[in-house]
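Below are the chains, spelled out letter by letter.
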Amino acid sequence: MQLTKSKLTSLFAEKVSELQEEPGFQWSEDRITYKTDKEGSPEIKVAPGNVPLEYDIWEGLRNPAQLGRHPAGLRKIWEYYAHKRRDSTDETGRRTIFQVPESFQFAQEEYNRALLVSVMLPFSSKLLNDYNEHAGENSSSHIFSRMYEDVNKMIDKATSRVAIDLVADDNVVVAMDNRTVEELSSEALPETKQGESHGPCKGGNFPQKSLAVLLGLGQFGVSRLIIRDELKGDTVERFMGPIRSIVVFDKDKPVKDGGGGVGYPDKRWREFLTDLFDFNKAGSDLNDYRYCRYPAESATCGKCRDRCPSGAQKNSSPESAGNYSPEVKNQPHRFWDGELQFDFAQCCEKRGQMNDLFPEWSCAHCLSACVTEGVKDPNSVKNFQNKLEELLKVN
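Not measured: the values here are computed from a predicted model.

As a further point, take the overall build of the protein chain. Looking only at helices and strands, the protein chain has 13 helices and eleven strands in total. Taking 395 residues into account, the globule formula puts the C-alpha radius of gyration at 21 Å, and the protein chain, at 21 Å, falls close to it. When its C-alpha atoms are laid out on the principal axes, the protein chain stretches across 65 × 50 × 45 Å. Across the 395 residues that make up the protein chain, the buried fraction comes to 52%. Long-range contacts, defined as pairs at least 24 residues apart, comprise 74% of the intrachain contacts of the protein chain with a sequence gap of at least 6. Within the structure as shown, the protein chain displays about 19,000 Å² of accessible surface, and the carbon and sulfur contribution to it stands at 46%. Seen as two clouds, the 52 positive and the 61 negative side-chain charges of the protein chain have centres 2 Å apart.

Encoded structure:
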């Protein structure tokens, strides 16, 4: 099977549509949980990229203020898979007492590339609009809480089912759903390299959002959420939702020309991304490429900061000119090599307390405000798309 962007998108849309018909996911039409197109099909967003096996996904990014000190790369993903698939037969087919997983060196000799697939299932506009209008600072929405949980379950299951369909005799497929990421983190990395002290890798040592950015699926906002903007005529439509991944080790040669919509994240692309998401560079030309219009001297947004009930957003963002406030600078423990760690403690404290009291409590103020009220710039979308085509070579 030739794995192109369009083929992968179709597979994911097919699996999500199937799930919608299963018990537990059947909602009335006016309460659909995910974003759909005019025909009612899920607006799945997929970004595939491919690299040789010696490629270091997280080169230069191992920083606890960014994605953690020990994010799992291709070697650890392979070792996790190989451990699960270890065999107790020797090369002659005889049973032995040993169960030795195939080494990463074996993978490098057997396969030519890793195909990395990042996928987003965006929340429906109605869901986010309703939350933004009716959930006050100290209130919530049990409907949103249930639907938020459902969308995450759907993309989790769809990722696993697509991965199953991709399995063949000449490849290895790993579905990076929540269960796999949790097991990968606990089984392939020692305890000394796990946990919150190693960065904001919520759910484990594989930063799904960072991979989505590397593959061009979207951009980080100052909220640390992934924003994807698309031009629909002269207006910008914004997509935000849960993200999962699939990793395929196969025998194909790495594609470097964007064929089939499969990108190749080379050094120039990585350097561009590193600069793009340094929001201290507010006055530079990089603002012309940013979906998040905060901070920016000419187009300040800040809706997520304004709506955040815990104050975590404000405590994790530079001022509009790109400099950190004295209050933030006076928290040196939150900086690592000049990078500011997001204030997850403050963000999670209130949400955690309220969730302990009310299991259906949800806080999505930054998310809903960004989609419904956030400043959107058509020129940024055009400019970033041009960069995708120039450096990542995808369209």
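So much for the structure itself; the text now carries on.
Below, the discussion takes up empty space enclosed by the protein. The tally for this structure, following the rule as stated, stands at one cavity of 30 Å³ or more. R238, C292, C301, C304 and C370 are the residues nearest the centre of the largest cavity, which is lined by 16 residues in total. Here the residues of the lining of the largest cavity are counted per class, giving nine nonpolar, four polar and three charged.

Okay, the packing of aromatic side chains next. Taken as a whole, this structure holds 18 aromatic pairs when the rule is applied. The interplanar angle of 45° and the centroid separation of 5.5 Å between the aromatic rings of W78 and Y81 together place this pair among those described as tilted. Note that W78 and Y81 are positioned in helix α2 (residues 74–84) at a spacing of three residues, about one turn of the helix. Both residues of the pair, W78 and Y81, belong to the buried class. Seen from their ring centres, F220 and F277 are 6.1 Å apart, and the 90° between their planes marks the pair as edge-to-face.

Take helix α6 (residues 178–187) next. Turning to α6, its buried residues number three or more, namely T180, V181, E183, L184 and S185. On its buried face, α6 is in contact with α2, β5 (172–176) and α7 (208–214).

Within a sheet, adjacent strands bond to each other through the backbone by hydrogen bonds, running parallel or antiparallel. The antiparallel open sheet is built from four strands, whose spatial order is β1-β4-β9-β5. Only two strands of the sheet have a single partner each, and these edge strands are β1 (45–51) and β5. For this sheet, the mean inter-axis angle between neighbouring strands, taken without regard to orientation, is 15°. In this structure, strand β4 (residues 113–120) lies alongside strand β9 (residues 243–250), joined through eight bridges in antiparallel fashion. Opposite A114, over in β9, you have F249 as the bridge partner. Taken strand by strand, helix α5 (residues 142–166) contacts β4, β5 and β9, and its axis lies near 10° from that of β9. The strands touched by α6 are β5 and β9; relative to β5, the strand with the most contacts, the crossing angle is about 100°.

Calculation criteria
- Residues numbered from 1 in each chain as written.
- Predicted model: local features only at pLDDT ≥ 70, side-chain atom pairs only at ≥ 80, totals over all residues.
- Heavy atoms only, no water.
- Helix = DSSP H or I, 4+ residues; strand = E, 2+ residues; numbered from the N terminus.
- Rg over C-alpha atoms; globule rule 2.2 N^0.38 Å.
- Buried < 20%, exposed > 50% of the residue type's maximum accessible area, 1.4 Å probe, protein only.
- Contact = heavy atoms within 4.5 Å.
- Areas by Shrake-Rupley, 256 points an atom, 1.4 Å probe, with all protein chains shown as cover.
- Lys, Arg positive; Asp, Glu negative; His and termini not counted.
- Charge placed at Lys NZ, Arg CZ, Asp CG, Glu CD.
- 1 Å grid on protein atoms, 1.4 Å probe; cavity = no way out; pocket = protein on both sides within 12 Å on 5 of 7 lines; lining within 4 Å.
- Points joined across faces, edges and corners; volume = space filled by probe spheres on them.
- Nonpolar A, V, L, I, M, F, W, Y, C, P; charged D, E, K, R; others polar.
- Phe/Tyr/Trp six-rings, centres within 6.5 Å; stacked < 30°, edge-to-face > 60°.
- Pairing = 2+ DSSP bridges.
- Axes fitted to C-alpha atoms, helices over the stretch in contact; angles between N-to-C directions.

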